[in-house]
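# Topology and contacts: notes
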There are 2 protein chains.
Amino acid sequence: MGSVAPSLAEMDASVVKVTRRTDLRDVPLPGSPEELSHSYCTDHMVTVRWTAAAGWETPEVRPFENLSVPPTASCLHYATECFEGMKVYRGYDGKLRLFRPDCNGERLVSSAQRASLPGFKFDELKVLIAKLMQIDGPRWLPKDQPGRFLYLRPAMIGNGPHLGVQTPKEALLFIIAVPWPDPSKKKPEAAGGQHGLKLLASNPDTIRAWPGGFGYAKLGANYGPSLVSHGKAQAIGFDQVLWLFGEDRQVTEAGASNFFIVWENKDTGKLELVTAPLENQLILPGVTRRSVLELARKRLTQSSGSLAPVEVVEKQFTISDVHEAWKEGRIVEAFVCGTAVSRATPYLTQIWSCPC
Amino acid sequence: MGSVAPSLAEMDASVVKVTRRTDLRDVPLPGSPEELSHSYCTDHMVTVRWTAAAGWETPEVRPFENLSVPPTASCLHYATECFEGMKVYRGYDGKLRLFRPDCNGERLVSSAQRASLPGFKFDELKVLIAKLMQIDGPRWLPKDQPGRFLYLRPAMIGNGPHLGVQTPKEALLFIIAVPWPDPSKKKPEAAGGQHGLKLLASNPDTIRAWPGGFGYAKLGANYGPSLVSHGKAQAIGFDQVLWLFGEDRQVTEAGASNFFIVWENKDTGKLELVTAPLENQLILPGVTRRSVLELARKRLTQSSGSLAPVEVVEKQFTISDVHEAWKEGRIVEAFVCGTAVSRATPYLTQIWSCPC
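Rules used in this analysis
Residues numbered from 1 in each chain as written. Chains lettered and ligands numbered in written order. Predicted model: local features only at pLDDT ≥ 70, side-chain atom pairs only at ≥ 80, totals over all residues. Heavy atoms only, no water. Helix = DSSP H or I, 4+ residues; strand = E, 2+ residues; numbered from the N terminus. Rg over C-alpha atoms; globule rule 2.2 N^0.38 Å. Buried < 20%, exposed > 50% of the residue type's maximum accessible area, 1.4 Å probe, protein only. Contact = heavy atoms within 4.5 Å. Areas by Shrake-Rupley, 256 points an atom, 1.4 Å probe, with all protein chains shown as cover. Lys, Arg positive; Asp, Glu negative; His and termini not counted. Charge placed at Lys NZ, Arg CZ, Asp CG, Glu CD. Least-squares fit on C-alpha atoms with pLDDT ≥ 70 in both. Arc of directions from axis to C-beta. Buried area = accessible area lost by both parts, 1.4 Å probe. Salt bridge = Lys/Arg side-chain N within 4 Å of Asp/Glu carboxyl O. Polar contact = N/O pair within 3.5 Å; in protein donor to acceptor, adjacent residues only side chain to side chain. Domains from an automatic or database assignment. Nonpolar A, V, L, I, M, F, W, Y, C, P; charged D, E, K, R; others polar. UniProt positions renumbered as here; feature names shortened; annotations may be inferred. Phe/Tyr/Trp six-rings, centres within 6.5 Å; stacked < 30°, edge-to-face > 60°. Lys NZ or Arg CZ within 6 Å of the ring centre and 35° of its normal.

## What to know about the overall build of chain A
Of the regular secondary structure elements, chain A holds seven helices and 18 strands. Compactness check: chain A gives a C-alpha radius of gyration of 22 Å against a globular reference of 21 Å for 356 residues, within 12% of the reference. Here chain A holds 356 residues, and 55% of them are scored as buried. Sequence-distant contacts, at least 24 apart, represent 70% of the contacts inside chain A between residues at least 6 apart. Element-wise, carbon and sulfur atoms account for 53% of the exposed surface of chain A, whose accessible area totals about 15,700 Å². In chain A, which carries 40 positive and 38 negative side-chain charges, the distance between the mean positions of the two groups comes to 3 Å.

Written as structure tokens, this is what we have:
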């Protein structure tokens, strides 16, 4: 009789194994060097191992520690890696909340697929996060400090030891929680604080993403190669790169966040909230982007009191369009949004865009 | 008096620190499962740590072991990583030899720059490899077994613990040596061995690289996102993807190797050795590719005995050109070349290209 192929185990967050650490770390104060370092994590982490032979193993919540990675591991050579950015908030009612975690779960599964990493039922992600927060939430987001949050970083890597160029045969999903500076606590510019966000338009010789590429997936491969431009922009006083694409220099996204502009339409004179479309797969389908669009479509498209109605449009537009609108005084505002740089309601900020 | 900024230390392979292991590993036999796994390394590895604050630290040759990587490390999230592929050969005169190691050193420095990783004087690479081979060479490439080789994998990763999207502030260069199957030892197809290399032309909806991207650099970011297509090609009996680009579907490279074709020129009827050009930075400037071109230009461009002269041309050509030449019987041969899949003299192999 032939042997029956064993079915691969699916991820099952309900059976998570918990190992608590006894040497708890100090919780850094808001604004402390530890918090500003973006490198100081909470006491525990989630790990879930996967193998091509057996599928997902039992998820673990265990003491935070460095990962032991074979020098031959796929993620170190072939960028078989993807991630998500989320936040968990302590509410004024004492409860912990995630912001649309299923959107992040779905996107992580989509990114994993693009990187040849294993899939799972996307709603397992929020269950794993809940398990981690059951352990670390009470101490790292105290109930008497409502409004505080932790940055969450779910990530998946190919960590098998096979150096040949091939689809990963082993993988690790891990989730870490990181105290993160609160952007709403920054001093306003008038009080000597940070200026409005400055974006530097990318040069035509450097392109972040391309149709048929992977700009729509949250892969490590979208970030490392963009850091040269990012570093150059920061060195001359800008915050991020505004990535353009194509001979007509379409505005796409800001690399770590989606870009919106509110202007008077050149032809109709009507107010428009505009952002780049998803269809050509050049930009990340941001969770905050989606919420901005949903809220604006729900609340801003009808005139309300003294507020004029705003048309909400996802369409291609170019840096020349922005430049022209700027010269003609048609720009009302512009902003970027993303998990790391915005609050759950997006952190609107003045933008200075450099058409060059 | 103002303090003077300390200068960053350059990489200095001459001062390498050696820590020998005492529990030496078994050297796998040719064709053994260990060798075929592409994951079994020699006893030692080279590591060189870099920090933005101090530059390169003292290089080390030390026992091979897993790397301890912070879960927040840049290389796991943002693909700040690049690598090289090389081989070290035991010669019939008993000496160990590298194949044009300075070409790999130069390319590693170029790749590192594209990934915002630190640079170094490229000829330090071969000195570090020599140090590693002084320790592991005698046992892993015995003098009485000339012709054997080890695959060498120098790699650089951003391994600092800062999760913010920024240029790496810490990095690690490491070099490992891996016993690798000898492609020249494979049985020929007529004797029941592997068929000639089969390449599957990429679909228009998936591209490997684009102008203004990083296809010319040996970044992890070029590999992970290509594995979906690679896996699909392998699942239906092909060995690699032949990556096309643009509306006219230009032939670029095979992902893990460069592609050459020998055909009769449609217009002149003369023999041509053709490969994609480097100018648009879509393809990797292969070390073997360069050697093939140099040798062909030196030895094949004049008629010699019964051999017709061959023109050697780096130019754009399309999959339609290949298809047409195939139908008209003008293709003489085609081959791929690269370090991992070829011998020092390129391993010529029959190709079946699928124009679809």
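## Remarks on the relation of the copies chain B and chain A
The two copies are related by a screw motion: chain B maps onto chain A through a turn of 180 degrees and a shift of 0.0 Å along the axis, at an RMSD of 0.0 Å. The two molecules are tied by a two-fold rotation axis, judged by turn and shift. Same-surface contact between copies: 98% of interface residues of chain B are shared with the interface of chain A.

## A closer look at helix α5 (residues 227-235) of chain A
All names here are of chain A. Listed in full, the buried residues belonging to α5 are L227, S229, H230 and A233. All buried residues of α5 lie within an arc of 160 degrees about the axis, which places them on one face of the element. The exposed residues of α5 that point more than 90 degrees off its buried face are K232 and A235. Residue G237 follows α5 closely and has a positive phi angle near 95 degrees.

## With respect to the interface of chain B and chain A
Between chain B and chain A, the residue contacts involve 61 residues of the former and 62 residues of the latter. Here chain B packs against chain A, burying approximately 4,800 Å² in sum over the two surfaces, 65% of which is carbon and sulfur. If you sort the residues of chain B by the area they bury against chain A, P71(B), L76(B) and W210(B) come out on top, with a joint share of 14%. On inspection of chain B and its partner chain A, the count reaches zero salt bridges. Here chain B is connected to chain A by 27 residue pairs in polar contact (both at pLDDT 80 or more).

## Quick word on the domain arrangement of chain A
Residues and elements named next belong to chain A. For chain A, the domain assignment lists domain 1 (13-181) and domain 2 (197-351). Distance between the C-alpha centres of domain 1 and domain 2: 28 Å. Contact with domain 1, which involves 19 residues of that partner, is made by 21 residues of domain 2. For the pair domain 1 and domain 2, the summed buried area comes to about 1,700 Å², and 58% of that belongs to carbon and sulfur atoms. Ranking the residues of domain 1 by area buried against domain 2 places F83, R107 and R114 at the top, with a combined share of 36%. Put simply, domain 1 and domain 2 have one salt bridge between them. Of the charged contacts in the structure, one is a salt bridge between E294 and R100, with a shortest N-O distance of 2.8 Å. Contributions of two or more residues to the side of domain 1 that touches domain 2 are made by β6 (81-83), β7 (86-90) and α3 (101-114). Of all the elements, α3 adds the most residues to the side of domain 1 that touches domain 2, at six residues. Considering only residue class, the side of domain 1 that touches domain 2 consists of nine nonpolar, four polar and six charged.

## So, the pattern of salt bridges
All names here are of chain A. Per the stated rule, a full pass over the model turns up 34 salt bridges over all chains. Between D43 and R139 there is a salt bridge whose closest N-O contact spans 2.9 Å. Taken as a pair, D43 in the loop between α1 (33-36) and β2 (44-51) and R139 in helix α4 (residues 124-140) lie far apart in primary sequence, 96 residues in all. The exposure class assigned to R139 is partly exposed, which follows from its relative accessible area of 33%. Where salt bridges share partners, they join R49, E57 and E170 into one cluster.

## Quick notes on the environment of T47(B)
Residues and elements named next belong to chain B. If you trace the backbone, T47 turns up in strand β2 (residues 44-51). When the C-alpha positions of T47 and R62 are compared, they lie 7.7 Å apart, and in sequence the two are 15 residues distant. If we skip the residues at most four places from it in the chain, T47 touches T58, P59, E60, R62, L172, L173 and F174. In terms of polar contacts, T47 uses its side chain to reach the side chain of R62, at 3.0 Å.

## Some details on unusual backbone geometry
Residues and elements named next belong to chain B. Positive phi values are uncommon outside glycine, yet R249 reaches one of about 55 degrees. Relative to the assigned elements, R249 resides in the loop between β12 (240-245) and β13 (250-253). What makes R249 buried here is its relative accessible area of 14%. Unlike most non-glycine residues, Q281 shows phi in positive territory, near 60 degrees. When you line up the elements, Q281 lands in the loop between β15 (271-275) and α6 (287-299). We classify Q281 as partly exposed; its relative accessible area is 39%.

## What about the side chain of R107(B)?
Assignment of secondary structure puts R107(B) in helix α3 (residues 101-114). The residues touching R107(B), leaving out its near neighbours within four places in the chain, are E84(B), K218(B), L284(B), P285(B), G286(B) and V287(B).

## Focus on the UniProt feature "modified residue: N6-(pyridoxal phosphate)lysine" (unreviewed entry) in chain A
Residues and elements named next belong to chain A. Listed under "modified residue: N6-(pyridoxal phosphate)lysine" (unreviewed entry) in the UniProt record, and renumbered for this structure, are K218. Classification of K218 as buried rests on a relative accessible area of 11%. Leave out the neighbours within four places in its chain, and K218 touches C82, F83, E84, G85, R107, S111, Y223 and L284.

## What about the packing of aromatic side chains?
Scanning the model with the defined rule gives 24 aromatic pairs over all chains in all. Considering the side-chain rings of Y78(A) and Y223(B), the 5.7 Å spacing of their centres and the 45 degrees angle between planes classify their relative orientation as tilted. In this pair, Y78(A) is assigned in the loop between α2 (74-77) and β6 and Y223(B) in the loop between β11 (198-201) and α5 (227-235), connecting two distinct chains. In this structure, Y78(A) and Y223(B) share a single accessibility class: buried. Measuring from centroid to centroid gives 4.3 Å for Y151(A) and W180(A), while their planes differ by 25 degrees, and the two rings are stacked. One end of the pair, Y151(A), is in strand β9 (residues 149-158); the other, W180(A), is in the loop between β10 (170-179) and β11 (197-201), with 29 residues separating them in the sequence. Taking the relative accessible area as the measure of exposure, W180(A) reaches 9% and is therefore buried. Three or more aromatic residues joined by ring pairs form one cluster here, namely Y78(A), F83(B) and Y223(B). The ring of Y40(A) carries R25(A) above its face, with NZ or CZ at 4.4 Å from the centroid.

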